[in-house]
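Spelled out, the chains give:
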Amino acid sequence: MRQRRWIVTGVALMALVATAAGCGSDDESKADAKDQATSTASSTTAAGGSSTTAAGSVNTRPPPEESDPSKEALRILVSNDDGIGAKGIDALVMALRMLPNTEVTVVAPKDNQSGTGSKTTEGEVAVAEATTISGYNGTAVSGYPSDAVIYALDKGGMPTRPHVVITGINEGANIGPLVNISGTVGAARAAAQRGIPALASSQGLATEPDYPSGVKYVLEWLAEHRAALLDGTAPVTVTSLNIPTCASGSIRGVVEVPTAADAGGRELFTSNCESTTPAPTDDVDGFSNGYATFSTVPNAA
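Residues numbered from 1 in each chain as written. Predicted model: local features only at pLDDT ≥ 70, side-chain atom pairs only at ≥ 80, totals over all residues. Heavy atoms only, no water.

1. Some thoughts on unusual backbone geometry
Of note, the bond from Gly168 into Ile169 is cis; its omega dihedral lies within 30 degrees of zero at 0°. Positive phi, close to 55°, is recorded for Asn101, a residue that is not glycine. Structurally, the position occupied by Asn101 is in the loop between helix H2 (87–96) and strand E4 (102–109). The partly exposed category is assigned to Asn101, whose relative accessible area is 37%. You will see that Ala279, though not glycine, has its phi angle at about 45°, which is positive. (Helix = DSSP H or I, 4+ residues; strand = E, 2+ residues; numbered from the N terminus. Buried < 20%, exposed > 50% of the residue type's maximum accessible area, 1.4 Å probe, protein only.)

This is the structure in structure tokens:
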């Protein structure tokens, strides 16, 4: 009997030990699994992905997006000195409005103000809603070209500050001694004086000025400088662009040249696009010999 009792007791003891060992193994496995799940959740959360809350729900937190200046709309203020109803500003606006991610605001003189340079009106100017020839909405200012830009930038005519001001396309070149009497340049100078880069664009005279060519060169300039305009690194200067209207031949190319101090008896209004004269020395030489000219002019006359 004693021997049988010992055997039974021994068997019971062995069963108890096995059961305890099994429970310990299960507890360790559960603890390991819990630690692994916690570690996985922590690393996933740190990487900006999904994490599991105590209640078991999934909390998705996408990584923050970095600011991308290229996605910001380019804001352009367009003005001129020929008036809001002129063909040149209409051709320019119709092209600019087709550009992707671009906002175009038109504020221009109500009437033709050619040759008024940087003149401004004392006191308030009258403003009214108006459209370009093609029906693009804008604001007409009863004043000088500089008044239009000042109204847009200083007096609420444009609710958000533009990245660039483009004036024109003017009917007639603004080169050499014509620069300081140009309302197209005067309006651009008003923008630069307020810290905004500006392009003054002008087209050679003809019965039908070649505005499509003018538009082409404006768009090329804008594409080249777009990134710098958006991120604020473009220099605050006035660039004067003059594009020939060729009676024969075609525009010979683009040159960057200084503004001529005087005409010196040279042609100021038409271009010989069949000229073979090389290496123009200033904007008068370049324009009269069939080149589209870029010149940086002072921000004030």
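More follows now that the structure is in view.
2. Concerning the state of the cysteines
For the structure on display, the rule yields one disulfide. With its sulfur 1.9 Å from that of its partner, Cys246 forms a disulfide with Cys273. Here the disulfide of Cys246 and Cys273 is left-handed, its torsion about the S-S bond being about -75°. Placement of the pair is Cys246 in the loop between strand E9 (238–243) and strand E10 (254–256) and Cys273 in the loop between E10 and helix H6 (283–288), with a sequence separation of 27 residues. Cys273 sits in the buried class, given a relative accessible area of 7%. (Disulfide = S-S within 2.5 Å.)

3. Comments concerning helix H4 (residues 183–192)
Of all 10 residues that make up H4, 10 are buried, and the element is covered over most of its length. Inspection of H4 places Gly183, Thr184, Val185, Gly186, Ala187, Ala188, Arg189, Ala190, Ala191 and Ala192 among the buried residues, and these make up the whole buried set. The N-cap of H4, judged by a side-chain oxygen 3.1 Å from the amide nitrogen of Thr184 a few residues on, is Ser182. (Polar contact = N/O pair within 3.5 Å; in protein donor to acceptor, adjacent residues only side chain to side chain.)

4. Overview of the nonpolar core
Ranked by size, the top nonpolar core spans 34 residues in total, and within it Ile76, Val78, Leu96, Val106, Ile166 and Leu222 carry the most contacts. Counting residues per element, this core draws most heavily on helix H5 (residues 211–231), which supplies eight residues. In contact with Val106, other than residues within four places in its own chain, are Val78, Ile84, Ile89, Val93, Tyr136, Asn137, Gly138 and Thr139. Counting 23 residues, the second largest nonpolar core, distinct from the first, contains Leu77, Ala152, Val165 and Val185. (Core = buried A, V, L, I, M, F, W, Y, C linked by side-chain atoms within 4.5 Å. Contact = heavy atoms within 4.5 Å.)

5. What about the environment of Ser202?
Position of Ser202 relative to the elements: it lies in strand E8 (residues 198–203). Expressed as a C-alpha distance, the spacing of Ser202 and Leu241, which sit 39 residues apart in the sequence, is 6.2 Å. When neighbours within four sequence positions are excluded, Ser202 is seen to be in contact with Ile169, Asn170, Gly172, Ala173, Asn174, Thr184, Leu241, Asn242 and Ile243. Engagement of the side chain of Ser202 in a polar contact is seen with the side chain of Asn174, the distance being 2.8 Å.

6. Quick notes on the pattern of salt bridges
Taken as a whole, this structure holds seven salt bridges when the rule is applied. With a shortest N-O distance of 3.3 Å, Glu72 and Arg75 are connected by a salt bridge. Here Glu72 falls in the partly exposed class, since its relative accessible area comes to 32%. Note that Asp285 is salt-bridged to Arg266, the shortest N-O span being 3.1 Å. One end of the pair, Asp285, is in helix H6; the other, Arg266, is in the loop between E10 and H6, and 19 residues separate them in sequence. By sharing partners, the salt bridges in this structure join Arg266, Asp282 and Asp285 into a single network. (Salt bridge = Lys/Arg side-chain N within 4 Å of Asp/Glu carboxyl O.)

7. Looking at the confidence of the model for the chain
Per-chain confidence: the chain averages 84 in pLDDT, with 77% of residues scoring 70 or above. Here residues 1–62 is a poorly scored stretch, pLDDT under 50, and it has 21 contacts once near neighbours within four places are set aside; other chains count. (pLDDT = per-residue confidence, 0-100.)

8. Section: the packing of helix H3 (residues 145–154) against H4
Orientation of H3 relative to H4, taken along the N-to-C sense of each, is 25°, at an axis distance of 7 Å. Looking at the two axes, H3 sits roughly parallel to H4. Handedness of the crossing formed by H3 with H4: right-handed. Residues Pro145, Ser146, Val149, Ile150 and Leu153 of H3 form the contact with H4, whose own contacting residues are Gly183, Gly186, Ala187, Ala190 and Ala191. Tallied by class, residues from the contact of H3 with H4 come to seven nonpolar, three polar and no charged. (Axes fitted to C-alpha atoms, helices over the stretch in contact; angles between N-to-C directions. Parallel < 35°, antiparallel > 145°, perpendicular 65-115°, else oblique. Left-handed = near helix turned anticlockwise from the far one by under 90°. Nonpolar A, V, L, I, M, F, W, Y, C, P; charged D, E, K, R; others polar.)

9. Considerations on the pairing of strand E7 (residues 164–171)
E7 sits mainly inside the fold: seven of its eight residues count as buried. Examined bridge by bridge, strand E3 (residues 74–79) and E7 share four bridges and lie parallel to one another. Bridge pairing in E7 links Ile76 to Val164. Bridge analysis of E7 against E8 gives five bridges, and the strand direction is parallel. Along E8, the bridge assignment pairs Ile166 with Leu199. Chirality of the crossover, the property in question, places the unit of E7, H4 and E8 among those that are right-handed. (Pairing = 2+ DSSP bridges. Right-handed = clockwise from strand over helix to strand, strands pointing away.)

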